[in-house]
Amino acid sequence: MSIAEILAGANFSFEKKFGQNFITDKNLLAAIVDEAGISGGTVLEIGAGAGTLTAALAAKADRVVSYEIDKNLMPVLSQTLAGLDDKVEVVFRDIMKESDEDLDKILGGEYKLAANLPYYITTPVIMRFLERKTRPSSISVMVQKEVGERLTAAPGTADYGAITAAVALEGTAKITRVVPRTMFTPRPNVDSCVVRIDMHDKYADVNKPLVKKLIKAAFAMRRKTLVNNLCSSFPLTRAQAEEMLLSCGYDVRIRGEKLGIDDFIRLSKLF
């Protein structure tokens with residue numbers, strides 16, 4: 001029975017508020033799982049949907065814990081995940097309301113994160129799992145294509161922003177594939193892509209709260225120079241801000257979007 005037939009048989013109606021867009025192509029699903037580097041271990045999935053990605057993950061992982069907010073999908077998932085009870089646990093709760101303590105109890109140790117994320121929670125989910133104490137070893141998420149381009153942009157480009165630098169502080173991000181809108185049911189208005197973020201500890205000894213504050217300040221007003229933004233966000237005189245930039249080898253007229261994560265860290269050490 002096809003996914004469309006299962007959905008129809010369960011009288012399932014797509015909820016726009018949940019941003020539901022399902023993938024059913026098995027070759028695409030298998031490719032996404034392979035590119036996520038899933039081979040044994042535990043995988044946390046956010047948004048089980050119709051269970052198609054869940055089943056593909058279960059084919060390669062030892063265990064899949066899948067959070068799903070829409071309880072109307074229960075009868076659908078009982079069919080699409082039939083026979084996988086020994087490998088898949090579906091938790092019908094909002095992942096963003098789950099405490100870190102409860103989440104850690106369920107996961108039980110090391111894990112990877114994989115998800116076809118609803119667009120409206122993309123950034124909150126990514127930042128939560130980048131910054132939580134027990135981070136996944138990697139994050140592989142389907143996101144809106146333009147969001148993926150922002151997450152992986154190079155300094156000085158139009159797509160580069162505060163979120164790019166914040167991600168680079170915690171991991172290395174790359175787009176593994178572009179997924180056209182025609183691959184989803186129902187079809188969204190935009191194309192998507194899969195972004196994989198591999199965690200690193202390169203900056204474990206850095207004052208990360210200060211670096212994040214610097215990043216936020218640098219992009220507070222993109223049309224202004226970094227000196228102006230620093231003076232607006234920190235108790236600095238213009239002369240002090242210019243001296244800091246010059247000591248790092250930067251032009252005093254530089255804008256924040258020209259700085260990569262290593263530049264922000266270098267600047268933070270002067271504080």
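Shown above is the structure to which this text applies.
Criteria and thresholds
- Residues numbered from 1 in each chain as written.
- Predicted model: local features only at pLDDT ≥ 70, side-chain atom pairs only at ≥ 80, totals over all residues.
- Heavy atoms only, no water.
- Salt bridge = Lys/Arg side-chain N within 4 Å of Asp/Glu carboxyl O.
- Helix = DSSP H or I, 4+ residues; strand = E, 2+ residues; numbered from the N terminus.
- Buried < 20%, exposed > 50% of the residue type's maximum accessible area, 1.4 Å probe, protein only.
- Phe/Tyr/Trp six-rings, centres within 6.5 Å; stacked < 30°, edge-to-face > 60°.
- Pairing = 2+ DSSP bridges.

Caption draft 1: Structural context of the pattern of salt bridges. Applying the stated criterion across every chain, the model contains 18 salt bridges. Taking the shortest distance from any N to any O, the salt bridge between Arg135 and Glu170 comes out at 2.7 Å. Remark: Glu170 occurs in helix H8 (residues 162–170) and Arg135 occurs in the loop between helix H6 (122–131) and strand S6 (138–144); sequence separation between them is 35 residues. Glu170 sits in the buried class, given a relative accessible area of 4%. When the shortest N-O distance is used, the salt bridge between Arg196 and Asp198 registers 3.0 Å.

Caption draft 2: Representation of the packing of aromatic side chains. Here the structure, examined in full by the defined rule, presents 3 aromatic pairs. Between the aromatic rings of Tyr160 and Phe219, the centroid separation amounts to 5.8 Å while the plane-to-plane angle is 65°, which identifies the pairing as edge-to-face. Linking Tyr160 in the loop between helix H7 (145–151) and H8 with Phe219 in the loop between helix H9 (208–218) and helix H10 (226–233), this pair joins segments that are 59 residues apart in sequence. Pair check on accessibility: Tyr160 and Phe219 agree, each one buried. Note on Phe219 and Phe264: the rings are 6.4 Å apart at their centroids and 45° apart in plane angle, and the pair reads as tilted. Note that Phe219 is positioned in the loop between H9 and H10 and Phe264 in helix H12 (residues 261–270), a separation of 45 residues in sequence. Just as Phe219 is buried, Phe264 falls in that class too.

Caption draft 3: Geometry of the pairing of strand S2 (residues 42–46). Burial analysis of S2 places 5 of its 5 residues in the buried class, the great majority of the element. In S2, alternate side chains face the same way, and those of Thr42, Leu44 and Ile46 on one face and Val43 and Glu45 on the other are all buried. Here S2 runs beside strand S3 (residues 63–67); their pairing, made up of 5 bridges, is parallel. Bridged to Leu44 within S3 is Val65.

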